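Residues per chain, in single letters:
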Amino acid sequence: MAILSGSRRFRLPLLLAAVYLTAGFVLRLLLWRSFGTASGVGLPLLPGVLITGAVNDGVALLYLLFPLSLYLLLLPRRWATRPWQHRLFALGTFLVFFGLFYLAASEYFFFEEFDSRFNLVAVDYLIYPHEVLVNIWDSYPVVRVILGCLLLAAFLLRGVWPKLRGAFADPSPLRRRLPAFALHGLLLSLALTLVSADTLAWSRNRVANELSANGLCTLFNAFRTNELDYQAHYRTIDRSEAFRLMREELAGGGGTLDPEASLSRDFSANPSGLGKLNVVVVVEESLGAGFVGAYGDTRNLTPHLDRLSEKGLLFRNAYATGTRTVRGLEAITTSFPPIPSESILKRPGSEGIANWGEVMRSAGYHTSFLYGGYGYFDNMNHFYQSNGFAISDRSDIPDPAFANIWGVSDQDLFERALGYFDALEAKGRPFFSILMTTSNHKPYTFPEGIAGIPAEGGGRSAGIRYADHALGGFLQQAADHPWFADTLFVIVADHDARVYGRAQIPLHHYRIPLLVYAPDLVRPGAVETAISQIDIAPTVLGLLGLPYKAPFYGQDVLHLPPGLPRPIPVSHNHDVALVEGNEVAVLGLGRSADTYRYDEQQDRMEPLENDGRLIDLATAYYQSAFDLFQTHRYR
């Protein structure tokens, strides 16, 4: 972007810059009005959002327009006057206008769904284009958006092109064009050295910072940091101290620690446990606790789960470790903290790691992962297959009653599971199975003919109602099968529907339902102790009383000593945190470490004087976990 007027040629980058900044300004106003005010970004914060946002957009422009500035600097005059060159510039300008408008529309819908600018979720969407593009086509007014952007781009080009046509034939020599280009290069050099991804994160309100951010920059940063090296970017302590703190933390939960400097614990058989029951873990897509009547919701979206909760063991303070399905599966399957920034399900080196299935196989169980979608998505099939699970996905259900881009309906998945378990029962083998549903996901389409649930167009509420309907039907049908009486069902969500809120890590939207259901074996009740998804495997194993040895980070929360706090590890984009009561230690990029008090009613995190003990414990969790994974010692 040339700011000096040494040559008329640079009218084009100046025009593009003006359009880009105007589009960014309008988009921020729309995002603020639609989503910001609901997250505490009131009118007093709006000037800061707009000013900081304009600076962020300006920095992005320095990068985006540099190739064009270089081209205009070096373009010979004899080429600049050719008709084909004018047509090329006209086409390029039209495509840039269209891209800017389409990008702004995409950012609006992304923010609506994720309360954020483009982040790691957007990177995953680009990695799996087929599912994502079809989902977008089914869920959003894509045709209308494209047509609107095309018309707006054409209208704008028609208005500005007459003023640009003669600029490219400007006879000014290279020496007159050079100062403008040099200034652009100088500003770009300053941006490279002085501005990082979070330099202009100016507010304590997370959403205010998201509104201020530039979507292209956040997307690029997400690509760049998709698989971060914890040691290089996050706070660390002495390695031996990290493992000492973790051994001390885990020792409080029982078991005999390995005498070597590892985290493996040996648990003896408990004769008072339930014994060798089948275990079926139903992981419900996007079912936050805020939708469930048993957790206080009054919309009657989950009547089946609410009735089941009265007959099972309900954990009232259960938390997801993250905001993606792979995070939930990672925690439930491996009892492993959510190291930044990519789940271990998708990282190289996840083969043959310690996991719940391995423990169950050593006790004589058949272990399986049953998924309603195609298991290549998010590397699920590879992960589970390389860790000893039999897998069954959408490919094994050739004639489902209903399917959309994400997979078969939950009813089809559950029907497949019933037959699968019948076959194992016939062989006399106890089974451990993880079922991952898909229906409660955009575009929210379901089988026809279910009372009160529209087949399409019902949105998220319909998704919750259908997921609940299918779950209730599954357990009702399962009760007629011979293996039901000897089966422990664990019903849990992978994560909430989306993460709203002003807090840096909006913990209210990490709360999920967790129910252990075996009506003839487990006494109904409610557990108030905080529990993470990483605690599910140790807690269920404690209920069964099975002996095992594993380096799990989770604890059996039903047998913790009275008064012992249960820290909860969570992740959000690039930040990781440890929650203890209402105190939160947050570790971020650039080795930052801060302590907050979380006010759930206000969804607000107030800074505290740093709690060195909690920060060190948080560091120990994530540093030791990354160390064990990277050195292939989480075995």
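Below, the structure is looked at part by part. Values in this document were obtained by computation on a predicted structure and should not be read as measured data.

### Some words on the overall build of the chain
Thinking step 1. Summing up its helical and strand segments, the chain has 21 helices and 21 strands in all.
Thinking step 2. Taking 2.2 N^0.38 as the reference for a compact globule, 635 residues should give roughly 26 Å; the C-alpha atoms of the chain span a radius of gyration of 27 Å, in line with that estimate.
Thinking step 3. Along the three orthogonal principal directions, the C-alpha set of the chain runs to about 90 × 60 × 45 Å.
Thinking step 4. Residue burial in the chain is summarised as follows: out of 635 residues, 58% are buried.
Thinking step 5. Intrachain contacts of the chain at a sequence separation of at least 6 include 74% that bridge at least 24 residues.
Thinking step 6. Each charge class in the chain was averaged separately, 54 positive and 61 negative side chains, and the resulting centres sit 14 Å apart.

### Points about the sheet that holds strand β21 (residues 604-608)
Thinking step 1. As summarised here, the arrangement of the five strands in space is β17-β18-β19-β20-β21, forming an open sheet in which the pairing is antiparallel. The outermost strands of the open sheet, each flanked by one partner alone, are β17 (568-572) and β21. Each strand axis lies, on average, 30 degrees off the axis of its neighbour in the sheet, ignoring direction.
Thinking step 2. Sheet topology note: the strand β18 (residues 575-580)/strand β19 (residues 583-588) ladder contains five bridges and is antiparallel. In the strand pairing of β19, valine 576 is matched with leucine 587.

### Quick notes on the pattern of salt bridges
Thinking step 1. Under the defined criterion, the tally for this structure stands at 18 salt bridges.
Thinking step 2. Of the charged contacts, one joins arginine 299 and aspartate 297 as a salt bridge, the two residues approaching to 2.8 Å between their closest N and O atoms.
Thinking step 3. Among the charged side chains, a network of salt bridges with common partners joins Arg324, Glu342, Lys346 and Asp378.

About the criteria used
Residues numbered from 1 in each chain as written. Predicted model: local features only at pLDDT ≥ 70, side-chain atom pairs only at ≥ 80, totals over all residues. Heavy atoms only, no water. Helix = DSSP H or I, 4+ residues; strand = E, 2+ residues; numbered from the N terminus. Rg over C-alpha atoms; globule rule 2.2 N^0.38 Å. Buried < 20%, exposed > 50% of the residue type's maximum accessible area, 1.4 Å probe, protein only. Contact = heavy atoms within 4.5 Å. Lys, Arg positive; Asp, Glu negative; His and termini not counted. Charge placed at Lys NZ, Arg CZ, Asp CG, Glu CD. Pairing = 2+ DSSP bridges. Axes fitted to C-alpha atoms, helices over the stretch in contact; angles between N-to-C directions. Salt bridge = Lys/Arg side-chain N within 4 Å of Asp/Glu carboxyl O.

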